[in-house]
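Okay, here's what each chain looks like letter by letter:
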Protein chains: 2
Amino acid sequence: MKKNERICAITKILTDHPNQVMTYNYFCQLFDASKTSVCEDVAIVKNTFEAMKTGRIETVPGAAGGVRYLPVLSETEERAILLEIAEMLKDPRRQIQGGFLYYSDILSSPYYAERLGKIIAGKYIGQGVQHVVTTETKGISVALESARVLNVPMTVIRRTNKVTEGATTSMNYVSGSSSKINTMYLSRRIDLEGKKVLVIDDFMKGGGTAKGMMNLMEEVGAEVVGPCVIFVADAPEEKLVTQYLPLLSMQMDTKNDSGEYVEISLYEK
Amino acid sequence: MKKNERICAITKILTDHPNQVMTYNYFCQLFDASKTSVCEDVAIVKNTFEAMKTGRIETVPGAAGGVRYLPVLSETEERAILLEIAEMLKDPRRQIQGGFLYYSDILSSPYYAERLGKIIAGKYIGQGVQHVVTTETKGISVALESARVLNVPMTVIRRTNKVTEGATTSMNYVSGSSSKINTMYLSRRIDLEGKKVLVIDDFMKGGGTAKGMMNLMEEVGAEVVGPCVIFVADAPEEKLVTQYLPLLSMQMDTKNDSGEYVEISLYEK
């Protein structure tokens, strides 16, 4: 392969394998090229990605060294995407009675799911996350994209006990907004014992679901990272979880008490 | 930008924008380069992708011409992935009473979801699919990946009526395997009227869910493409839908009537 073709191939392979070390030896054998030239090629790819501000490329030195692609977004891109979503959510037609906003279409769109996944993964990459979990349904697309960037499996916690999950571990949880008791179910075929698990949910109001997921993770012996939630409602101020990372914050209309969200903004601690 | 860097950038941009025409003009302006050199660069990328058998690159000629990346798998890759999944499913520990196999972990893994998405998208790409729908929950990851490759939105049809979906269109359906009547719900905020919609489901036994989805699509004025199902059970032989495309076929143990699947194989019409 000529240098141009090697650079094209390296770019494609790295892009297709996020957060995975591809060794120099692998590329040397693939291209039947010297380590020196592969290193030169990788350097060009690294600099180009930097110039394009399209993710980060890390090189791992040493004999068994290699290169890893982290498709995380820059702070500027992250702000831009989140503000874009915030703008969409300000459309009054998205208001739903009972203090909800319609956003299923945004989270399930490949475009936003991928970008939100990159944003979330970027906040936890390098922390040794081994698994991602979410509770069905609206957060699944973003959880999958986060798991893809982190290069780990993703598991969906069910809200009803499904025969297709086989035996399950169940956890009751109290919805923080109402006082209703619900149950969530995790297949016993998923072994999370001793694993670092990133907990993702789409929306947090009282924090009941997040708390339930954290209790469930504790029950199966997992170490929780997060929870990370995409949207957090400002009310109730007191959540059932203390440590959580939201991306966007929704302010309820307290002046007219219309039960509508009047402002959606980047979350600031 | 030097030629090397342009080739790296073109590869990255095309990989990040599946099934989307990126015009030569766009690249010319981005690189401040002549169309001739951009066309040369694209040709190198095209040939390299072909040599690597990693998706297909199509060039659109003409003044407003450009290039499109289709991340579809080769027949060989497709067979390999599907047979790999079939092998995993033969593990007796995956048998679940009542004629089910445990495969949630496979469909929700970024690795297999991405590849299954590429396989499914590859079967419908070029047919003008404008939207992908699936019914929660296990098929969502693969539906998202199919939608990403097709570069169209994805919508999840709910099995319960959720306040967060706002007003919904509901459709009753009879489970083909039992005679139980269920209802599925599509948010009225999703406008599928006159749209070509690819219907995806993870598993087909009697075809009740698929039939329900097709009826629902008809109800909202959409034109159905598919349905495409990942797994189809060989029994009952008579399905409630006639036109459907499965990827893998599951043969029930009829000899000993153990209610277990004894063979999983590539689906052959």
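Residues numbered from 1 in each chain as written. Chains lettered and ligands numbered in written order. Predicted model: local features only at pLDDT ≥ 70, side-chain atom pairs only at ≥ 80, totals over all residues. Heavy atoms only, no water.

### What to know about the overall build of chain A
Then comes step 1: Within chain A, the regular secondary structure consists of 8 helices and 13 strands.
Then comes step 2: Each principal axis of the C-alpha atoms in chain A carries an extent, and together these give about 65 × 45 × 30 Å.
Then comes step 3: Counting all 269 residues of chain A, 57% fall into the buried class.
Then comes step 4: Intrachain contacts of chain A at a sequence separation of at least 6 include 60% that bridge at least 24 residues.
Then comes step 5: Accessible surface for chain A amounts to roughly 11400 Å². Of this, 49% is attributable to carbon and sulfur atoms.
Then comes step 6: Computed over 31 positive and 33 negative side-chain charges, the separation of the two mean positions in chain A equals 3 Å. (Helix = DSSP H or I, 4+ residues; strand = E, 2+ residues; numbered from the N terminus. Buried < 20%, exposed > 50% of the residue type's maximum accessible area, 1.4 Å probe, protein only. Contact = heavy atoms within 4.5 Å. Areas by Shrake-Rupley, 256 points an atom, 1.4 Å probe, with all protein chains shown as cover. Lys, Arg positive; Asp, Glu negative; His and termini not counted. Charge placed at Lys NZ, Arg CZ, Asp CG, Glu CD.)

### Structural notes on the interface of chain B and chain A
Then comes step 1: Counting residues at the interface gives 55 residues for chain B, matched by 55 residues for chain A.
Then comes step 2: Summed over both sides, the interface of chain B with chain A buries roughly 4500 Å², with 62% coming from carbon and sulfur.
Then comes step 3: On the surface where chain B and chain A come into contact, there are 4 salt bridges.
Then comes step 4: With a closest N to O distance of 2.6 Å, Arg148(B) and Glu114(A) form a salt bridge.
Then comes step 5: Remark: the boundary between chain B and chain A carries 22 residue pairs in polar contact (both at pLDDT 80 or more).
Then comes step 6: Secondary-structure elements contributing two or more residues to the side of chain B that touches chain A are helix H1 (3-16), helix H3 (35-52), strand S4 (95-96), helix H5 (104-107), helix H6 (110-124), helix H7 (140-150) and strand S7 (154-157) of chain B.
Then comes step 7: Residues of the side of chain B that touches chain A, tallied by class, amount to 24 nonpolar, 16 polar and 15 charged. (Buried area = accessible area lost by both parts, 1.4 Å probe. Salt bridge = Lys/Arg side-chain N within 4 Å of Asp/Glu carboxyl O. Polar contact = N/O pair within 3.5 Å; in protein donor to acceptor, adjacent residues only side chain to side chain. Nonpolar A, V, L, I, M, F, W, Y, C, P; charged D, E, K, R; others polar.)

### What to know about empty space enclosed by the protein
Then comes step 1: This model, assessed by the stated rule, comprises 3 cavities of 30 Å³ or more.
Then comes step 2: In this structure, the largest cavity occupies an estimated 340 Å³ of space.
Then comes step 3: Thr15(A), Glu114(A), Arg148(A), Thr15(B) and Arg148(B) are, among the 20 residues lining the largest cavity, the residues nearest its centre.
Then comes step 4: Taken together, the residues that form the lining of the largest cavity break down as 8 nonpolar, 2 polar and 10 charged.
Then comes step 5: The calculated volume of the second largest cavity comes to roughly 160 Å³.
Then comes step 6: Lining the second largest cavity we find 17 residues, and of these Ser104(A), Ser108(A), Lys138(A), Val156(B) and Glu165(B) sit closest to its centre. (1 Å grid on protein atoms, 1.4 Å probe; cavity = no way out; pocket = protein on both sides within 12 Å on 5 of 7 lines; lining within 4 Å. Points joined across faces, edges and corners; volume = space filled by probe spheres on them.)

### As for the side chain of Ser109(B)
Then comes step 1: Summarising the element assignment, Ser109(B) is placed in the loop between H5 and H6.
Then comes step 2: A polar contact is formed between the side chain of Ser109(B) and the backbone nitrogen of Tyr112(B), at a distance of 3.0 Å.

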